[in-house]
Structure formats: C-alpha cells, structure tokens
Amino acid sequence: MTQKQTRYSILELALVSQNHSYQQTFNNVLKLAQQAEGYGYKRFWLAEHHNSVNIGSSATSVLMGYVAQGTKTLRVGSGGVMLPNHSPLIIAEQFATLAALYPNRIDMGLGRAPGTDRETVLAIRSDFMNAALSFPDEIAKIERYFSPDNSNANVRVPMAEGVDVPLYILGSSTDSAHLAAQKGLPYAFASHFAPAQLSDALQIYHREFQPSKALKKPYVMAGVNIIVADTDEQAERLATSLIRMVVGIFTGQRDYVQPPTDMTDELREIKENPQVKQMLKYSFIGSKATVKTQVRDFLQETRADELIAVTHLYDVDDRIRSYALFAEIMQELN
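Read on for a plain summary of the structure.

Calculation notes
Residues numbered from 1 in each chain as written. Predicted model: local features only at pLDDT ≥ 70, side-chain atom pairs only at ≥ 80, totals over all residues. Heavy atoms only, no water. Helix = DSSP H or I, 4+ residues; strand = E, 2+ residues; numbered from the N terminus. Rg over C-alpha atoms; globule rule 2.2 N^0.38 Å. Buried < 20%, exposed > 50% of the residue type's maximum accessible area, 1.4 Å probe, protein only. Contact = heavy atoms within 4.5 Å. Areas by Shrake-Rupley, 256 points an atom, 1.4 Å probe, with all protein chains shown as cover. Lys, Arg positive; Asp, Glu negative; His and termini not counted. Charge placed at Lys NZ, Arg CZ, Asp CG, Glu CD. Axes fitted to C-alpha atoms, helices over the stretch in contact; angles between N-to-C directions. Parallel < 35°, antiparallel > 145°, perpendicular 65-115°, else oblique. Left-handed = near helix turned anticlockwise from the far one by under 90°. Nonpolar A, V, L, I, M, F, W, Y, C, P; charged D, E, K, R; others polar. Patch = residues over 30% accessible without salt bridge, like charges linked within 9 Å, V, L, I, M, F, W, Y side chains within 5 Å. Salt bridge = Lys/Arg side-chain N within 4 Å of Asp/Glu carboxyl O. Pairing = 2+ DSSP bridges. Right-handed = clockwise from strand over helix to strand, strands pointing away.

1. Some remarks on the overall build of the protein chain
Working step 1: Summing up its helical and strand segments, the protein chain has 13 helices and nine strands in all.
Working step 2: The C-alpha atoms of the protein chain give a radius of gyration of 19 Å, which matches the 20 Å a tight globule of 334 residues would have.
Working step 3: Counting all 334 residues of the protein chain, 53% fall into the buried class.
Working step 4: Here the contacts in the protein chain between residues at least 6 apart in sequence split such that 74% fall between residues at least 24 apart.
Working step 5: Carbon and sulfur atoms make up 49% of the accessible area of the protein chain, which amounts to about 15100 Å² in all.
Working step 6: Positive and negative side-chain charges of the protein chain, numbering 32 and 36 respectively, have mean locations separated by a distance of 6 Å.

Below, the structure written as structure tokens:
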C-alpha cells in the first residue's frame, strides 16, 4: 500500500496511427477522455508539438476545448503549452476563455522547450531563444494577467482577472525544479521520456520549495509510460508500436504509429539498446499484476503525488483497455 492517495491522469499527444485521418484521431482522443472520466482519472492533458506527422496536438488550446466540451468532470489542461512559442497575453486570453466556458476544469501546464526542431522554432517565433531565457518573466506575466490586481493596468486580460486556472511547471531537467520550487507551483516531470534527472530534480524541488498562495507544500507529478493488457505477452506485442516510434525519434524518421507485430529478436535488441533503454526506463509494460508491482516500486522511489500516464498504442480500444486496467491498479494501490 502507498502512504497516501496518489492521483492518476493522462498525457495525450493525439498520436496519428497509420491509415487514420486527423478527424479520426481527434474523435479517438475524445472517446478516450470520455472513458477516462468514468475510470476516475483526475486530468487529461494535451502536449504541444509541431512539425511531426504523427502528432496531432499542435493547436493545444483548441483541442482542450474539444475535450472539455465532450466531458463533464475531467480536468483538461496543457502538458504543456511551450510558452516561449507564444505571447503570454494570448495564452492568458485563450485559457481564460476556456475557463469561462468550463469553470474549475482548466489547468495550465507551462514548459520551456520548443516542442519541435530548430527550423520550425524560427518559423514559429524568430526570437525564441530570448523568450526561452525569459521563461520565469513570461510566467510572471501570465500570473499578472490572472491577478485581480491587474484591473488598473494599461494592458489587461479582463476575462482572466481573478479566475482560477492553476499553473504547473513542466520540466525534463533540474532547471525547472529550481523555478517551480521558487514560485511555489506544482511540478510535473517528464520522466516518461527524460528519466535521467528525475531523482535530482525532485530533491531540488522538495528542498527549495517556497509556499505560495497557489500551494502550501510541494506537489509532484511524474510521467510514466504505461501499457497494460490481459497478459504479459499481449502487452509485449502492443509495445512493438512504441519501440518503432522510439526508433523513429532517434533516427529522425518519424512516421505514423504502426500496428503492433510479434516481438522479434531485432525489436528485443533495439529495446535493450542503451539509449532506448534509458529513454524508456520508466515504461511499465505487462499484465495488471506485472505493472502493479512496477508502479508500486516507482511510487515508493519517488513519492509522487500524481502519476500522469502516457500510452502510445496503435488502436484506440487497446489504449482504452490499458487505461482501464491502469485505473484499477491505482485504485488498488490507494
């Protein structure tokens, strides 16, 4: 048993499977969110990525509205908005609009990375590097737009003033841990693809945390890859889609999510490659019993307050089944 109730949530990239249209992909995103709501998931976050043929979540706030409209109680958020790509004022306007439409259900997760390649970064925002270096100041601007005290300022987002849209700092290194601690904000670590500095980042965050109006004590969310099926063998087969996706990331040959196949010797060898193994360190794949043990160990190691699960599979029904079983695991551990 864990020592506390651990929330569980979903991080969604709107991955585009082979022979699926974008419309099908978005319909499947909503179908998953609706099922997740019934499984007790706390929140459903959408990640911002650009110039990737297999990722459909580039217009993050638009897709958030679609998911929020089709659900009732699930918190919907960004995991995250890559803030240096955007004007803080525009982001404040978008999220204040969402909060007006779906009160007390909208989260704003903010990251510093571009979510794309260098050439695309320049197409998005020519002064990206300056904006990235100003990340703490850009967050402060958003906080100011949402403050009731901004009502006398020359530049305002009237719809945002006094509205409760919780801010979360996202990170994949120790840099963001210092910032989240200093600002007294919840911290979400991308351990599902960048596990190397998880332990150091969490230590920094807990050690340096300063209580704030938003948060009295540290709050940690940790990303984990989850693939649960009825048997270990079925889960291993489903995971072949994830392995091929990771190969595409390393080789620069990103492609649509491929259908699962039998696990071959070649795929096993790729899975054991040091780079791939490191990237997928926190990937819990197997039957419910197998994954339950892995998740329990991870929670004991990290003391995370919330797990945010990422499940990259070809078929939406396999994803729904995996998330249903993961919800059962979390309920049993709690």
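2. Brief notes about the packing of helix α12 (residues 288–302) against helix α13 (residues 316–333)
Working step 1: Contact geometry for α12 and α13: axes closest at 10 Å, N-to-C directions at 50 degrees. Judged by the angle between their axes, α12 and α13 are oblique. Crossing geometry of α12 relative to α13 is assigned as right-handed. Judged by residue contacts, Lys288, Val291, Lys292, Val295, Arg296 and Leu299 of α12 engage Leu325, Phe326, Glu328, Ile329, Met330, Glu332 and Leu333 from α13.
Working step 2: Here the residues of the contact of α12 with α13 sort into eight nonpolar, no polar and five charged.

3. A word on a nonpolar patch on the surface
Working step 1: On the surface, Tyr22, Val53 and Tyr256 cluster together into a nonpolar patch covering about 240 Å² of accessible area.
Working step 2: With respect to the element layout, Val53 can be found in the loop between β2 (43–46) and α2 (60–69).
Working step 3: Judged by its relative accessible area of 32%, Val53 falls in the partly exposed class.

4. Notes on the pairing of strand β1 (residues 7–12)
A regular strand places its side chains on the two faces of the sheet in alternate fashion.
Working step 1: Most of β1 sits inside the fold, with five of its six residues counted as buried.
Working step 2: Sheet topology note: the β1/strand β9 (residues 306–310) ladder contains four bridges and is parallel. From the neighbouring strand, Tyr8 faces β9, where its bridge partner is Leu307.
Working step 3: Pairing analysis gives three bridges linking β1 to β2, with the strands arranged parallel. Residue pairing in the sheet places Leu11 in a bridge with Trp45 of β2.
Working step 4: Tracing the backbone out of β1, into helix α1 (residues 22–38) and back to the parallel element β2 gives a crossover that is right-handed.

5. Section: the pattern of salt bridges
Working step 1: Taken as a whole and judged by the stated rule, the model has 17 salt bridges.
Working step 2: Linking Arg43 and Asp107 is a salt bridge whose minimum nitrogen-to-oxygen distance equals 2.7 Å. Of this pair, Arg43 sits in strand β2 while Asp107 sits in strand β4 (residues 106–111), and the two are 64 residues apart along the sequence.
Working step 3: A salt bridge links Lys288 to Glu332; the nearest nitrogen and oxygen atoms lie 2.7 Å apart. Placement of the pair is Lys288 in helix α12 and Glu332 in helix α13, with a sequence separation of 44 residues.
Working step 4: For Lys288, a relative accessible area of 22% gives the class partly exposed.
Working step 5: The class of Glu332 is partly exposed, set by a relative accessible area of 36%.
Working step 6: By sharing partners, the salt bridges in this structure join Arg43, Arg75, Asp107 and Glu306 into a single network.

6. With respect to the packing of helix α3 (residues 88–101) against helix α6 (residues 135–146)
Working step 1: Packing of α3 against α6 leaves a shortest axis separation of 9 Å and a crossing angle of 45 degrees. When the axes of α3 and α6 are compared, the pair comes out oblique. For the crossing formed where α3 meets α6, the hand is right-handed. Where α3 abuts α6, its residues Pro88, Leu89, Ile91, Ala92, Phe95 and Ala96 lie against Glu138, Lys141, Ile142, Tyr145 and Phe146.
Working step 2: Of the residues that constitute the contact of α3 with α6, the class distribution is nine nonpolar, no polar and two charged.

Everything listed here is a matter of coordinates, which is why it stays silent on function.
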